[in-house]
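Each chain, written out:
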Amino acid sequence: MPVFMDVHRNMRGISADDLKAAHQQDLALQDMEHVEFKHAWADPESGMVFCLAEGPDADAVRRVHAMAGHPADDVYPVTLEV
């Protein structure tokens, strides 16, 4: 299954609890699009949030985030990994 890293740029001030809640929303909806969200990271100062997921395509990842109420600004395929 392809791997994707997505970016959210407007989540300044996000707390650990907020990040966990957003990730849980993604997990609750991911099966609808055959996506599996693996991990999320955040920098509250800059408002940047990054999520790692496996799924059929970038649009499926986008749809889950949109349904969860926090649309991704960008979704990038991860084609190389070490």
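None of the values given here were measured: they were computed from a predicted structure.

### Let's talk about the nonpolar core
The nonpolar side chains of a soluble globular protein tend to be buried, and buried together.
In step 1: In this structure, Val35, Phe37, Val61 and Val75 are the most contacted members of the largest nonpolar core, which totals 15 residues.
In step 2: Counting only elements with at least two residues in this core, the list comes to β2 (36-43), β3 (48-54) and α2 (58-68).
In step 3: A per-element tally of this core places α2 first, with four residues.
In step 4: Each residue touching Val61, except ones within four places of it in the same chain, is listed here: Phe4, Asp6, Val35, Phe37, Ala53 and Val75.

### Structural notes on unusual backbone geometry
In step 1: In this model, His34 sits at a positive phi of 60°, which is unusual for a non-glycine residue.
In step 2: With respect to the helices, strands and loops of the structure, His34 is situated in the loop between α1 (16-29) and β2.

### Section: the pairing of β2
In step 1: Two elements, β2 and β3, share seven bridges in a ladder whose sense is antiparallel. Looking across to β3, one finds that Trp41 is bridged to Phe50.
In step 2: Following β2, the chain reverses through four residues before pairing antiparallel with β3; Gly47 in that reversal takes a positive phi of roughly 85°.

### A few points about the sheet that holds β2
In step 1: If you walk across this open sheet you meet the four strands as β2-β3-β1-β4, and the pairing is antiparallel. Strands at the two margins of the open sheet, each flanked by one partner only, are β2 and β4 (74-78). Each neighbouring strand pair of the sheet contributes to a mean axis angle of 20°, computed without reference to strand direction.
In step 2: Inspection of the sheet shows strand β1 (residues 3-8) paired to β3 by six bridges, in the antiparallel sense. Note that in β3 the partner of Phe4 across the bridge is Ala53.
In step 3: Strands in contact with α1 are β2 and β3; relative to β2, the strand with the most contacts, it is inclined by about 160°.
In step 4: In this fold α2 packs onto β1, β2, β3 and β4, with an angle of close to 40° to the strand it touches most, β1.

Rules behind the numbers
Residues numbered from 1 in each chain as written. Predicted model: local features only at pLDDT ≥ 70, side-chain atom pairs only at ≥ 80, totals over all residues. Heavy atoms only, no water. Core = buried A, V, L, I, M, F, W, Y, C linked by side-chain atoms within 4.5 Å. Buried < 20%, exposed > 50% of the residue type's maximum accessible area, 1.4 Å probe, protein only. Helix = DSSP H or I, 4+ residues; strand = E, 2+ residues; numbered from the N terminus. Contact = heavy atoms within 4.5 Å. Pairing = 2+ DSSP bridges. Axes fitted to C-alpha atoms, helices over the stretch in contact; angles between N-to-C directions.

Everything listed is a geometric property; what it means functionally is a separate question.
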